[in-house]
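# Residue-level structure breakdown
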Amino acid sequence: MKGLKLLKWLSLGIAIWAITLAWPEINLILTLPVMAGLVLALTTIILAYGLGYYHSRMDQSKTPCRDQGKPKHSSRPSRPVPPLSMA
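Here is what the cut-offs are and how they apply
Counting from 1, residues in each chain are numbered in the order their sequence is written. In keeping with the model being predicted, local features are shown solely for residues with a pLDDT of at least 70 and side-chain atom pairs are shown and tallied solely at 80 or more, while totals for entire chains, interfaces and linings include all residues. Computation of side-chain values: all heavy atoms of the structure, hydrogens and water removed. Counting from the N terminus, the helices are DSSP H or I runs at least four residues long and the strands are E runs at least two residues long. Partly exposed describes any residue whose relative accessible area lies between the buried limit of under 20% and the exposed limit of over 50%, with all areas from a 1.4 Å probe on protein chains only and scaled to the type maximum. Accessible areas in this description were obtained via Shrake-Rupley with a 1.4 Å probe; residue shielding takes into account the shown protein chains only. Two distance rules govern patches: like charges are joined within 9 Å, and nonpolar side chains (Val, Leu, Ile, Met, Phe, Trp, Tyr) within 5 Å, applied only to residues with over 30% relative accessible area and no salt bridge. Salt bridges are identified by distance alone: a Lys or Arg side-chain nitrogen within 4 Å of an Asp or Glu carboxyl oxygen. For every residue, the predictor states its confidence as a pLDDT score lying anywhere from 0 to 100.

Of the regular secondary structure elements, the chain holds 3 helices and 0 strands. Taken from the N to the C terminus, the helices and strands of the chain come in the order α-α-α. Counting only residues that meet the buried cut, the chain has 2% of its 87 residues in that class. Of the roughly 8900 Å² that the chain leaves accessible, carbon and sulfur atoms contribute 70%.

On to a nonpolar patch on the surface, then. Nonpolar side chains collect at one region of the surface, where Leu4, Leu7, Leu10, Ile14, Trp17 and Leu21 lie side by side and expose about 650 Å² of accessible area between them. On the secondary structure map, Leu21 appears in helix 1 (residues 2-22). The exposure class assigned to Leu21 is exposed, which follows from its relative accessible area of 55%.

Here we come to the confidence of the model for the chain. Scored by pLDDT, the chain has a mean of 79; 78% of the residues are at 70 or more. Here helix 2 (residues 26-29) stands out as the least confident element of the chain, with mean pLDDT 77; helix 3 (residues 32-62) is the most confident, with 86.

The following block contains the structure:
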């Protein structure tokens, strides 16, 4: 899995590099302050998503299940459907 993560980052870097070849003015836009702001914004978004996911998992594990002692029954029967008559 680490190799796949590294491959994603590498492909992102190659994509950004390829954009600079096709559109040279992008180098004027991607200055240090702009890149620092983008990194900060993406880090904030990733942390917010991770904390939200973590807290939602915590809330689900604390919620008591009302049907703990009861067997779970499906609303759809699993027995085969009887064939239709061809009359």
